[in-house]
Amino acid sequence: EEWDIPMQPDAFLQLFVDWANPPFPDTHDLLAALGARHRLACLSNINPLHWDKVANQFGIGRYFDHRFLSHEMGMVKPHAPIYEAVIKSLAVSPSDILFLDDTPENVETACALGINAHIAHGRSLRQTCEQLGLL
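Summarised in this report is the structure supplied together with it. (Residues numbered from 1 in each chain as written. Predicted model: local features only at pLDDT ≥ 70, side-chain atom pairs only at ≥ 80, totals over all residues. Heavy atoms only, no water.)

Looking at the overall build of the chain
In step 1: If you tally the helices and strands in the chain, you get seven helices and four strands.
In step 2: What you see in the chain, going N to C, is helices and strands ordered as α-α-β-α-β-α-α-β-α-β-α.
In step 3: Based on the C-alpha atoms only, the size of the chain along its principal axes is roughly 50 × 30 × 25 Å.
In step 4: Within the chain, counting contacts between residues at least 6 apart in sequence, those at least 24 apart form 55% of the total.
In step 5: With 9 positive and 17 negative side-chain charges, the chain shows a separation of 11 Å between the mean positions of the two kinds. (Helix = DSSP H or I, 4+ residues; strand = E, 2+ residues; numbered from the N terminus. Contact = heavy atoms within 4.5 Å. Lys, Arg positive; Asp, Glu negative; His and termini not counted. Charge placed at Lys NZ, Arg CZ, Asp CG, Glu CD.)

What follows is the structure in structure tokens.
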């Protein structure tokens, strides 16, 4: 209403939910392989509608031992407090955390806090994990 979008709210909401794309074909296999060797956590700037679709409909949520979701935490990347909350919750040294993200600002903040952080994009994630010795 405020933006004067020429569509009904229900239609807009459905389009909004549909923005969440399915995972890349190798995603489930990669997460299963990583989860067999490592404790996995997800830190995401996501809203409840997209998380529901990603976690449940696409089945990604089951792979994570810990979920740190911006809409639940009231904080967002790349601001330091969200990373500090993750470090505290995991109760490990920041250097014991490997953080992979596709946004340079998010990786920069994580690195500034002592987290071992790297840029990784969806299609090249397996290659990045192999280069880091995770698989």
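Points about unusual backbone geometry
In step 1: With an omega of 10 degrees, the peptide bond running from Lys77 to Pro78 counts as cis.
In step 2: Turning to its location among the elements, Pro78 is positioned in the loop between helix H4 (70-73) and helix H5 (80-90).
In step 3: The backbone of Asp4 sits at a positive phi, close to 55 degrees, despite the residue not being glycine.
In step 4: Its place among the elements puts Asp4 in the segment before helix H1 (9-18).
In step 5: The class for Asp4 is exposed, based on a relative accessible area of 65%.
In step 6: Unusually for a residue other than glycine, Ala91 sits at a positive phi of about 55 degrees.
In step 7: As for its position among the elements, Ala91 is in the loop between H5 and strand E3 (98-101).
In step 8: For Ala91, a relative accessible area of 65% corresponds to the exposed category. (Buried < 20%, exposed > 50% of the residue type's maximum accessible area, 1.4 Å probe, protein only.)

A look at the environment of Ala117
In step 1: Along the chain, Ala117 turns up in strand E4 (residues 116-119).
In step 2: Sequence separation between Ala117 and Val107 is 10 residues, and the spatial gap between their C-alpha atoms is 5.5 Å.
In step 3: Among all residues touching Ala117, those that are not within four sequence positions of it are Phe99, Val107, Ala110 and Cys111.

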